[in-house]
Amino acid sequence: MNLYLRYFDRETLVTNVDDAIAFLADIDEIGMNPMLEEDIREYAESDVFYPKRYKIRPRVYFIIIKTEAATMQDFKEKKALNPVVGMEREKTASPSIVRLNEEMPGWYEGSIDFKRVSLVPGTGKFQYRDTHFVAQCKAMSGIDCYNRIVQYLRSRVDERSQFPSAKGKNFKFRYLGLAK
C-alpha cells in the first residue's frame, strides 16, 4: 500500500511510512512531532481507506491518501482505485428508472403532477397551481409516454408552467397492453 501526501503544491507518492514522515519533516510549517508521527503510522497500518486530513493551523491542512498506484501518474489518472472504494462507487440503476426506459410498444396510462400557471380573475395576476393530469397514449416506453404527455401539455398551458422530471415521484405510468 502506497501513500500519497499533499501540502499545497508539494506532493509525493511514497511506498512506506518512514518516507512519508521524512517528506513531512522537510516542511517546516508542519512541525513534525512524535504524536503526529505516531498518528500517521497508525493510519498507515489501519484498514481505513478514507483520506486523512491533518490540521496545521486554521484552514490549512495536509492530506494523506492510501493508494495502490505505483506511480504518481497512475494516481493522478485514478488507475489504481482501492477495490472496496471502487465497489462503493458503482451505482446500479434503480428499478423505476430501468422500467422507465424499458421498451414495450403499446398503450400506456401516464399521470403527471405539475405546476400550472393560471390567471387569478379578480387581481389579474398569475399564480402557480398544482395540477394533476392523466392521459392514455400509444408509446414505446415509459419515458416516451412522459415525453408525449409533456409535449401535449406544453402546447396547451402557459409556457411558464413547470413540469417534473420523469424520474421523480410526480410522474407515474402503467402499461395497458398492445390493444386498448
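What counts, and where the lines are drawn
- Residues numbered from 1 in each chain as written.
- Predicted model: local features only at pLDDT ≥ 70, side-chain atom pairs only at ≥ 80, totals over all residues.
- Heavy atoms only, no water.
- Phe/Tyr/Trp six-rings, centres within 6.5 Å; stacked < 30°, edge-to-face > 60°.
- Helix = DSSP H or I, 4+ residues; strand = E, 2+ residues; numbered from the N terminus.
- Buried < 20%, exposed > 50% of the residue type's maximum accessible area, 1.4 Å probe, protein only.
- Lys NZ or Arg CZ within 6 Å of the ring centre and 35° of its normal.
- Pairing = 2+ DSSP bridges.
- Axes fitted to C-alpha atoms, helices over the stretch in contact; angles between N-to-C directions.
- Contact = heavy atoms within 4.5 Å.

Draft legend 1. Summary view of the packing of aromatic side chains. The final tally for this structure, using the stated rule, is 9 aromatic pairs. Between the aromatic rings of Tyr108 and Phe173, the centroid separation amounts to 6.0 Å while the plane-to-plane angle is 55°, which identifies the pairing as tilted. In this pair, Tyr108 sits in strand S5 (residues 106–119) while Phe173 sits in strand S7 (residues 171–177), placing the two residues 65 residues apart along the sequence. For Tyr108, a relative accessible area of 2% corresponds to the buried category. Relative accessible area serves as the criterion here: at 15%, Phe173 is assigned to the buried category. Taking 5.1 Å as the distance between ring centres and 75° as the angle between the ring planes, the aromatic pair formed by Tyr146 and Phe171 counts as edge-to-face. Taken together, the positions of Tyr146 in helix H6 (residues 142–154) and Phe171 in strand S7 put the pair 25 residues apart, joining distant regions of the chain. By relative accessible area, which is 10% here, Tyr146 ends up buried. The structure contains a cluster of three or more aromatic residues connected by ring pairs, namely Tyr108, Tyr146, Phe171, Phe173 and Tyr175. Positioned above the aromatic ring of Tyr43 is the side chain of Lys66, whose terminal nitrogen or guanidinium carbon lies 5.0 Å from the ring centre. In this arrangement the basic side chain of Arg99 is found over the ring face of Phe173, its NZ or CZ atom lying 4.6 Å from the centre.

Draft legend 2. Here's a closer look at the sheet that holds strand S4 (residues 60–67). Pairing is antiparallel in the open sheet, where 4 strands are placed in the order S2-S1-S4-S3. Each of the sheet's edge strands pairs with one partner strand only, and the pair in question is strand S2 (10–14) and strand S3 (52–57). Strand-to-strand, the axes of this sheet are offset by a mean angle of 15°, without reference to chain direction. Of the pairings in the sheet, the one linking S3 to S4 comprises 5 bridges and is antiparallel in character. Opposite Lys55, over in S4, you have Tyr61 as the bridge partner. Contacts from helix H2 (residues 34–45) reach strand S1 (2–7), S3 and S4 within the one sheet, and its direction differs from that of S4 by about 30°.

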